[in-house]
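This is what each chain is made of:
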Amino acid sequence: MTGERAATAGLPPGDTRSRLPRRRAWLIGAAAIVAVALGVGAALWVSSHAQRRDGSALLALVLPDADGHPQPLSQWRGKVLVVNFWATWCAPCREEMPAFERLQAKWKARGVQFVGVSAEEGPKVLEFAKRFGVTYPLWVGGDEVPELSRRLGNRQGVLPHTVVFDRQQAPIAERVGAYPEDSLDSLLAKLAAISIEK
Amino acid sequence: MLSLAALALWHATAHAGGIEALQPKLLPPEQAFHFSARALDPSTIEARFDVADGYYLYRDKLRFTTDPVPSRGAELPPGKRKHDEFFGDVDTYRGAVVVRVPLVSPAAGQTVTLHADSQGCADAGVCYPPNPQQVKLSIPAAGGTPGPFVDAARKGWFK
């Protein structure tokens, strides 16, 4: 996969959890992070309505990657972030992922980071990534994932849903439904050109 | 004209803070895929989805089970073939979908719970998460009149 995963350990490997009943496996896997994520979601909601430019709440988000390793979003502090909520069963989500793959390759060196987030089992997501050649990180979670998506503006809880954050992790653009490649490309060009004022 | 109509399907909201948000106008799942059911006779339940215009359900994602009296397998009507780039040929339902769910044995006078799993999408290019719903039905006596349609209204989430 990406080879970029910070091995922060903690959860059992994904293939072990895949043998547990789905609900229980995710209860165990997600329990440790759900409180944090919900808190982050709430903070994000507040930040998106009150202090839009303060993205510090997003940086506190931690979710397991498809291998089951907890990943802090803070590893991408200072990057332009594209957070895509998706699912393997969602055809329009699958259709736009090759465009995300192209844009990730195009803008990687300029500090743009894509991450796909779904509420499915890690092994399923890993298999999908392999089959369809998705190389940007795919994170998974439980109920906190749709909750986060909803708090970021996804009123009906549908997929795909994409939110773009600037280098200070403030939400800049949000789409429910496919994000047209050319619009996203020009937005990323604009955001990548802005460096952080310290 | 066409583009105006297409534009009308989308909400564009610009907030004071400058976030650009674009989303299609979407019905909540319980309206997009309205689910109800009734007991036809002591050993038959009729499940029904009323799918709103511009929305569709996947035939192979429909699942019906009953308890405490089990059912023998729902009689799904043929769907409309749709070619999907990733899923291949899939059958979909639009409009009214009526499914007969036969019980393994008559259950006159009992209360039977029908569980329905469904998943659908909107032509606007989004999909709703799998939605488990249930309705409780009072099963009529033999020779009695069919029971009333009972609604299920529960929100789903993407999983």
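Worth saying up front: this structure is predicted, and the values here are computed from it rather than measured.

Novice: How do you make sense of the overall build of chain A when you look at a structure like this?
Specialist: Helix and strand content of chain A: 7 helices and 7 strands. Traced from its N-terminal end to its C-terminal end, chain A shows the element sequence α-α-α-β-β-β-α-β-α-β-α-β-β-α. Per-residue burial for chain A yields a buried fraction of 55% across its 198 residues. If you take every contact in chain A between residues at least 6 apart in sequence, the share linking residues at least 24 apart comes to 67%. Only carbon and sulfur atoms are counted for the fraction: they give 57% of the accessible area of chain A, which is about 8200 Å².

Novice: Where do I start with the sheet that holds strand β3 (residues 33-41) of chain B in this structure?
Specialist: Two orientations exist for strands paired in a sheet by backbone hydrogen bonds: parallel and antiparallel. Residues and elements named next belong to chain B. Strand order in this open sheet of 4 strands is β9-β4-β3-β14, and the pairing throughout is antiparallel. Edge strands, defined here as strands with exactly one partner in the open sheet, are β9 (95-102) and β14 (150-152). With direction set aside, neighbouring strand axes in the sheet form an average angle of 25°. Pairing between β3 and β14: 3 bridges, direction antiparallel. Pairing of F35 across the sheet is with A152, part of β14.

Novice: Whenever I open this one, the interface of chain B and chain A confuses me. Can you help?
Specialist: Reports often express the size of an interface as the amount of accessible area lost when the parts come together. Counting residues at the interface gives 31 residues for chain B and 37 residues for chain A. Note on chain B versus chain A: buried area summed over both sides is about 3000 Å², and carbon and sulfur give 59% of it. Connecting chain B to chain A are 1 salt bridge. Note that E20 of chain B is salt-bridged to R175 of chain A, the shortest N-O span being 3.8 Å. Only β1 (10-14), β2 (20-24) and β12 (126-127) of chain B provide two or more residues apiece to the side of chain B that touches chain A. A total of 5 residues in the side of chain B that touches chain A trace back to one element, the largest contributor, which is β2 of chain B. Its residues assigned to classes, the side of chain B that touches chain A comprises 19 nonpolar, 7 polar and 5 charged. Relative to β2 of chain B, strand β7 (residues 171-176) of chain A runs parallel, the two being bridged by 3 bridges. What sits directly across from A173 of chain A, in β2 of chain B, is E20 of chain B.

Novice: I'm lost on the sheet that holds strand β5 (residues 55-58) of chain B in this one. Help?
Specialist: All names here are of chain B. One open sheet holds the 5 strands; their spatial order is β7-β8-β5-β11-β12, and the pairing between them is antiparallel. At either end of the open sheet lies a strand with only one pairing partner, and these are β7 (80-84) and β12. Note: strand β11 (residues 120-122) against β12, 2 bridges, orientation antiparallel. Following the sheet pairing, C121 is matched in β12 by C127.

Novice: Help me understand helix α7 (residues 181-192) of chain A, please; the structure alone is not making it clear to me.
Specialist: Along an α-helix, residues three or four positions apart point the same way, because every turn accommodates 3.6 residues. Residue and element names in this part refer to chain A. In this model α7 runs 16 Å from its N-terminal to its C-terminal C-alpha over 12 residues, within 8% of the 16 Å that 1.5 Å per residue would give. Where α7 is concerned, the buried positions are L184, D185, L187, L188, L191 and A192. Lining the buried residues of α7 we find β3 (80-85), α4 (91-107), β4 (112-118), β6 (161-165) and β7.

Novice: Explain the nonpolar core here, please?
Specialist: One broad trend across soluble globular proteins is that nonpolar side chains are buried collectively. Counting 54 residues, the largest nonpolar core has F114, V164 and L188 of chain A as its most contacted members. Element by element, the count of residues in this core is highest for α4 of chain A, at 6 residues. Setting aside residues up to four positions removed in sequence, F114 of chain A forms contacts with V82, F100, L103, Q104, Y136, P137, L184 and L188 of chain A. By size, the runner-up hydrophobic cluster in this structure holds 34 residues, among which are F35, V69, V101 and A122 of chain B.

Novice: Just to check I follow, could you spell out the confidence of the model for chain A for this structure?
Specialist: Predicted coordinates in areas of low pLDDT are best not read in detail. All names here are of chain A. In the predicted model, chain A carries a mean pLDDT of 80, and 71% of its residues have values of at least 70. When mean pLDDT is taken per element in chain A, β4 scores highest with 98 and helix α1 (residues 14-17) scores lowest with 38. The model gives residues 1-20 a pLDDT under 50, and that stretch makes 35 contacts with residues more than four places away or in other chains. Low pLDDT (under 50) marks residues 41-54, which in the prediction has 24 contacts with non-local residues, meaning those over four places away or in another chain.

Novice: Looking at this structure, I do not really get unusual backbone geometry. What am I missing?
Specialist: Across the chain, the bulk of peptide bonds are trans and the bulk of non-glycine residues have phi less than zero. In this model, L159 of chain A is joined to P160 of chain A through a cis peptide bond whose omega is 0°. Relative to the helices and strands, P160 of chain A resides in the loop between α6 (144-151) and β6. A cis geometry characterises the amide bond from D67 of chain B onward to P68 of chain B, with omega recorded as 0°. In this structure, P68 of chain B sits in the loop between β6 (63-67) and β7. A positive phi angle is found at Q169 of chain A, which is not glycine, with a value near 60°. Here Q169 of chain A is to be found in the loop between β6 and β7.

Novice: Even after reading the chapter, I still don't get helix α5 (residues 122-132) of chain A, so can you show me in this structure?
Specialist: Residue and element names in this part refer to chain A. G122, V125, F128 and A129 are the residues of α5 that are buried. What you see down the axis of α5 is that its buried residues fit within an arc of 125°, all on one side. Residues of α5 that are exposed and point over 90 degrees away from its buried face: E127, K130 and R131. Remark: G133 follows α5 within two positions and exhibits a positive phi of approximately 65°.

Rules and cut-offs
Residues numbered from 1 in each chain as written. Chains lettered and ligands numbered in written order. Predicted model: local features only at pLDDT ≥ 70, side-chain atom pairs only at ≥ 80, totals over all residues. Heavy atoms only, no water. Helix = DSSP H or I, 4+ residues; strand = E, 2+ residues; numbered from the N terminus. Buried < 20%, exposed > 50% of the residue type's maximum accessible area, 1.4 Å probe, protein only. Contact = heavy atoms within 4.5 Å. Areas by Shrake-Rupley, 256 points an atom, 1.4 Å probe, with all protein chains shown as cover. Pairing = 2+ DSSP bridges. Axes fitted to C-alpha atoms, helices over the stretch in contact; angles between N-to-C directions. Buried area = accessible area lost by both parts, 1.4 Å probe. Salt bridge = Lys/Arg side-chain N within 4 Å of Asp/Glu carboxyl O. Nonpolar A, V, L, I, M, F, W, Y, C, P; charged D, E, K, R; others polar. Expected span 1.5 Å × (residues − 1). Core = buried A, V, L, I, M, F, W, Y, C linked by side-chain atoms within 4.5 Å. pLDDT = per-residue confidence, 0-100. Arc of directions from axis to C-beta.

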